[in-house]
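Working through the structure, step by step
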Amino acid sequence: MSEATGSLPLESRGKEEGRLACPLRIAIFGFGTVGSSVAKILVESHPPELELTHVFNRGVERKRVSWAPAGVVWSEDADAVLNSDVDVIVELAGGLDPAASWVRRALETGKSVVTANKKLIAYQGVELERLAAAKDGHLKYGAAVAGGIPVIPGLEQGLAGDRIARIEGILNGTCNFILSNMDEGAEYSDVLKQAQAKGYAEADPTEDVGGFDARAKLAILMRLAMRVIVDPEEIVPQPITGVTAVDFSYAHDLGCTIRQIARAERTNGEVAATVGPMLVDLKSPLAWSRGTENMVILNGRYGGDVVFSGHGAGGHPTAVAVVSDLLALAHGSRRVEIPSAPARVGGEFEVPHYIRFLVRDRPGIVAEITGALAAERINIRAIVQKSGYPADALPFVVTVEPCRSSAMERALARMRSMECLIVNPLELQMLE
Ligand SMILES: NC(=O)c1ccc[n+]([C@@H]2O[C@H](COP(=O)([O-])OP(=O)(O)OC[C@H]3O[C@@H](n4cnc5c(N)ncnc54)[C@H](OP(=O)(O)O)[C@@H]3O)[C@@H](O)[C@H]2O)c1
């Protein structure tokens, strides 16, 4: 195979040889947490179908490892590796740029690509898959959602025969680490520092705690599960930063805990999707996830609920998903074409809500709240006030019966003008 012509498409290689393709020549782009774990698995378990031939990284000399095979080319020249005779580019640098241009160029020359890059797939996945199909290559991204948990292969294969109506998931390990530790009494700022020290959270944690990472993953799942192509920017995330110890205390009294949940469903033909901290019933499997675990519950029209759970992040678990994608390619995996159509995220959830107030106590507060809710025809389910808090900073909670998100938003707008408020009320959806 010459460098000028590029590599043969995998299927051709397989057909030509009448057996599995000879070892796929693999280039890892980005030798960080996941990239080095992929290399480790390839070297240690040495699947005969896969051969690590190139590693590309900026300043690559500091990345060299003694355990890599002597023949591996370590390069900081992306063009040279893209123009080489490798069959598959494993993109593990992350971000949109320049990862997108490497992936595009690889696909344009008939190479296949495996990536764990959720941002790239959420924003450009459809277009890149079309390019892969046009050039007879493959684009696989089983590690892009929930790291080592095979949710994407599960949707592409095991659940392809169902019609998924609802997705509920814990898709961000950092937020789950923070919230499950707060559940056990830790303070947000302390547990965030701990997450940063353990390498779970970035120095700037906004992508995670702001819900942006989870919404990118949700958009990918929506395409594969609900067959809708949505703009991730249309999913408005709610940060977990407003949740405090007092919310866990009230949540426990209500038989719940709090987790960052990504959820999407079709309601009356419309697509609703959101990401944010929510009250989760203690009996729900979602409440059992601890630390950096991820969990996804897919509700199928015919098959009912299917639950995926496990390690959603970390070098080795994520690398397992990457290597599994590579093996699928080597075994002549067919391109999975799940029909999907563009859709707007315009639907609304109709769910119960939890609203926590922090006020300077005075007569008439409850009347103002009930007035704001009644104006939107929202029924109160319970008013809960625990003892032991000072009257000048009194937290209490109102839960309401299922209502549309827009009605809740209008009621909240009214309640935000109450002069007794110390902070804006915290409103959380309740998962039932
Ligand atoms: N870590 C996880 O648990 C996890 C889970 C699921 C998915 N993912 C996804 O997997 C991908 C990789 O994540 P990671 O945690 O392995 O990241 P990482 O540890 O930061 O590794 C990224 C590597 O790519 C290199 N790199 C980044 N930009 C580059 C550029 N412009 N040119 C050359 N090299 C570049 C970095 O080099 P430097 O060392 O010089 O920065 C680093 O070695 C991301 O898309 C991430 O979202 C990660």
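All values derive from a computational prediction rather than experimental measurement.

1. Re the overall build of the protein chain
Along the backbone of the protein chain there are 14 helices and 17 strands. A principal-axis box enclosing the C-alpha atoms of the protein chain has dimensions of 85 × 45 × 35 Å. For the protein chain, with 432 residues in total, the buried portion stands at 44%. Sequence separation of at least 24 residues holds for 74% of the intrachain contacts in the protein chain that already meet a minimum separation of 6.

2. Let's talk about the packing of helix H7 (residues 173–183) against helix H8 (residues 188–197)
Between H7 and H8, the shortest axis-to-axis distance is 9 Å and the interhelical angle comes to 135°. Judged on the interaxial angle alone, H8 and H7 are oblique. Of the two elements, H7 crosses H8, and the hand of that crossing is right-handed. Within the contact between the two elements, H7 uses Thr174, Phe177, Ile178, Asn181 and Met182 and H8 uses Tyr188, Val191, Leu192 and Ala195. Tallied by class, residues from the contact of H7 with H8 come to 7 nonpolar, 2 polar and no charged.

3. Some remarks on the domain arrangement of the protein chain
Taken domain by domain, the protein chain holds domain 1 (10–140), domain 2 (151–312) and domain 3 (351–431). For domain 1 and domain 2, the distance between their C-alpha centres works out to 29 Å. Taken together, the 7 residues of domain 1 in the interface contact 6 residues of domain 2. For the side of domain 1 that touches domain 2, the class distribution of residues is 4 nonpolar, 1 polar and 2 charged.

4. Thoughts on unusual backbone geometry
Backbone torsion omega between aspartate 97 and proline 98 reads 5°, so that peptide bond is classified as cis. Note that proline 98 resides in the loop between strand E4 (88–91) and helix H4 (99–108). With a phi angle near 45°, histidine 46 is a residue other than glycine that sits in the positive phi range. Of note, histidine 46 is situated in the loop between helix H2 (33–45) and strand E2 (50–56).

5. Topic: the site of the ligand
Within the structure, the ligand sits among 21 residues, and Gly30, Gly32, Gly94, Ala116 and Ala313 are positioned closest to it. Counting residues per element, the shell around the ligand draws most heavily on H2, which supplies 3 residues. Per-class residue counts for the shell around the ligand are 8 nonpolar, 11 polar and 2 charged.

6. Section: the sheet that holds strand E3 (residues 73–75)
The sheet built from 6 strands is open, its strands ordered E3-E2-E1-E4-E5-E6 with parallel pairing. Looking at strand neighbours, the two that pair on one side only are E3 and strand E6 (139–140), the edges of this open sheet. Two strands pair when backbone bridges link them, and strand E1 (residues 24–29) and E4 are joined in this way by 4 bridges, in the parallel orientation. Directly across from isoleucine 28, in E4, lies its bridge partner valine 90. Packed on one face of the sheet, H2 meets E1, E2 and E4 and runs near 150° to E2. Across the sheet, H4 lies against E1, E4, strand E5 (112–115) and E6, angled at about 165° from E4, the strand it touches most.

7. Things to note about the sheet that holds strand E12 (residues 304–311)
In sheet architecture, strand pairing relies on hydrogen bonds along the backbone and comes in two forms, parallel and antiparallel. Taken in spatial order, the 9 strands of this open sheet run E12-E11-E7-E9-E10-E17-E14-E16-E15, and their pairing is mixed. Edge positions in the sheet fall to E12 and strand E15 (380–384), since each of these pairs with one other strand and no more. Taking the axes of each pair of neighbouring strands and ignoring which way they run, one obtains an average angle of 25° across the sheet. Pairing analysis gives 3 bridges linking strand E10 (residues 270–281) to strand E17 (residues 421–431), with the strands arranged parallel. Among the inter-strand pairings, methionine 278 is bridged to a residue of E17, identified as glutamine 429. Each of strand E7 (164–170), strand E9 (256–267), E10 and strand E11 (293–300) touches helix H10 (residues 212–226); the most contacted strand, E9, lies at about 40° to it. Helix-sheet contacts for helix H13 (residues 365–375) involve strand E14 (350–359), E15 and strand E16 (394–404), and the interaxial angle to E15 is about 160°.

8. Examining helix H6 (residues 151–158)
Since there are 3.6 residues in each turn of an α-helix, residues three or four apart along the chain are aligned in direction. If you check which residues of H6 are buried, you get Val151, Ile152 and Leu155. Angular distribution of buried residues about the axis of H6 spans 105°; they occupy a single face of the element.

9. Some points on the nonpolar core
Among the nonpolar cores identified, the biggest contains 123 residues, and Ile28, Val38, Val90, Leu218 and Val322 are the most heavily contacted of them. By residue number, the principal contributor to this core is H10, which donates 10 residues. Once residues lying within four places of it in the same chain are set aside, the contact partners of leucine 218 are Ile167, Leu171, Ile235, Ala262, Ala264, Ala273 and Val275.

10. Section: the pairing of E7
For E7, the buried fraction is high: 5 of the 7 residues fall into the buried class. Here 6 bridges tie E7 to E11, and the two strands are oriented antiparallel to one another. Along E11, the bridge assignment pairs arginine 166 with asparagine 299. When E7 meets E9, the two strands line up antiparallel, connected through 4 bridges. Among the inter-strand pairings, glycine 169 is bridged to a residue of E9, identified as alanine 262.

Cut-offs applied
- Residues numbered from 1 in each chain as written.
- Predicted model: local features only at pLDDT ≥ 70, side-chain atom pairs only at ≥ 80, totals over all residues.
- Helix = DSSP H or I, 4+ residues; strand = E, 2+ residues; numbered from the N terminus.
- Buried ≥ 20, exposed ≤ 12 C-beta atoms within 10 Å, placed from the backbone.
- Contact = placed C-beta atoms within 7 Å.
- Axes fitted to C-alpha atoms, helices over the stretch in contact; angles between N-to-C directions.
- Parallel < 35°, antiparallel > 145°, perpendicular 65-115°, else oblique.
- Left-handed = near helix turned anticlockwise from the far one by under 90°.
- Nonpolar A, V, L, I, M, F, W, Y, C, P; charged D, E, K, R; others polar.
- Domains from an automatic or database assignment.
- Near = placed C-beta within 6 Å.
- Pairing = 2+ DSSP bridges.
- Arc of directions from axis to C-beta.
- Core = buried A, V, L, I, M, F, W, Y, C linked by C-beta atoms within 7 Å.

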